[in-house]
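Residue-level structure breakdown
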Amino acid sequence: MELDEVDLKLLRLLQKDASLSNKELSYSINKSIAAVHERVKKLKANGYIKRTVAILDRKKVGMDLISFSQVFLKAHTAEVLNEFEHEVAKFPEVMECYQMAGSYDFMLRIATADMEGYHIFLRYKLAVLPQVNTVQTYFVLSETKNETAYPI
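A brief look at the structure comes next. (Residues numbered from 1 in each chain as written. Predicted model: local features only at pLDDT ≥ 70, side-chain atom pairs only at ≥ 80, totals over all residues. Heavy atoms only, no water.)

Quick notes on the overall build of the protein chain
- Along its length, the protein chain carries 5 helices and 4 strands.
- Going from N to C terminus, the protein chain has its helices and strands arranged as α-α-α-β-α-β-β-α-β.
- Expressed as lengths along the three principal axes of its C-alpha atoms, the size of the protein chain is roughly 55 × 35 × 25 Å.
- Here the protein chain holds 152 residues, and 28% of them are scored as buried.
- Long-range contacts, defined as pairs at least 24 residues apart, comprise 63% of the intrachain contacts of the protein chain with a sequence gap of at least 6. (Helix = DSSP H or I, 4+ residues; strand = E, 2+ residues; numbered from the N terminus. Buried < 20%, exposed > 50% of the residue type's maximum accessible area, 1.4 Å probe, protein only. Contact = heavy atoms within 4.5 Å.)

The following block contains the structure:
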């Protein structure tokens, strides 16, 4: 599927506010409600829209501590990498997990209520994974920008 300017406009609008109705979207892009409905349906079917979510205020739901952990693994075989990815994906504290090129193997973004929550996560979940060699963690002091919309 090749995206045209109408598709891009819809994606931009939905990235900023996925709760917009087809009627509201149709007014914004000057297309019929039926045309908008079909386009959004097609964007979903073709995987451009993976899911629709509500973005919460992390502090209001008690996730006051954000940290980034660099994880170094003991080995780099496909089996070890796959096992680590499979296990770390189960942890609700892990918001994002990226395999990295460079001096460490994975970067995790972790959300916990506080330092004690992070300590429990590290000691009883992350550090006990058999693939993990070393973890270096950096704690967020302030957040300047946090975007979820891609610049398309």
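Observations concerning unusual backbone geometry
- With phi around 60°, N30 is a residue other than glycine that occupies positive phi space.
- With respect to the element layout, N30 can be found in the loop between helix 2 (22-29) and helix 3 (33-45).
- Overall, N30 belongs to the exposed group, its relative accessible area being 71%.

Examining the packing of aromatic side chains
- For the structure shown, the criterion picks out 5 aromatic pairs.
- Centre to centre, the rings of F72 and Y104 are 6.1 Å apart; their planes meet at 65°, and the pair counts as edge-to-face. Remark: Y104 occurs in the loop between strand 2 (94-99) and strand 3 (106-112) and F72 occurs in strand 1 (residues 65-73); sequence separation between them is 32 residues.
- Judged by relative accessible area, F72 falls into the buried class, the value being 18%.
- The class for Y104 is buried, based on a relative accessible area of 15%.
- A centroid spacing of 4.7 Å and a plane angle of 45° characterise the contact between F84 and F106, whose relative ring orientation is tilted. With F84 in helix 4 (residues 78-88) and F106 in strand 3, the pair connects residues that are 22 residues apart, well separated along the chain. (Phe/Tyr/Trp six-rings, centres within 6.5 Å; stacked < 30°, edge-to-face > 60°.)

Some points on the pattern of salt bridges
- Counted according to the given criterion, the structure contains 7 salt bridges.
- Between R58 and E143 there is a salt bridge whose closest N-O contact spans 3.7 Å. Placement of R58 in the loop between helix 3 and strand 1 and of E143 in the segment after strand 4 (132-139) is noted, with a sequence separation of 85 residues between them.
- For R58, a relative accessible area of 22% translates into the label partly exposed.
- E96 is the salt-bridge partner of R109, the closest N and O atoms lying 2.4 Å from each other. (Salt bridge = Lys/Arg side-chain N within 4 Å of Asp/Glu carboxyl O.)

Topic: helix 5 (residues 115-126)
- Along helix 5, the residues classified as buried are Y118, F121 and L126. The buried side chains of helix 5 occupy one side of the element, clustering within an arc of 60° when seen end-on.
- Turning to helix 5, the residues buried within the fold contact strand 1, helix 4, strand 2, strand 3 and strand 4.
- The distance from a side-chain oxygen at the start of helix 5 to the backbone nitrogen of E116 is 3.2 Å, and the residue carrying that oxygen is D114. (Arc of directions from axis to C-beta. Polar contact = N/O pair within 3.5 Å; in protein donor to acceptor, adjacent residues only side chain to side chain.)

Some points on helix 4
- The set of residues buried in helix 4 consists of V80, L81, F84 and V88. One side of helix 4 carries all its buried residues, which in axial view fall inside an arc of 100°. Residues A78, E79 and H86 are exposed on helix 4 and point more than 90 degrees away from its buried face.
- Along its buried surface, helix 4 packs onto strand 1, strand 2, strand 3, helix 5 and strand 4.

Spatial relationships are all this shows, so hold off on functional conclusions.
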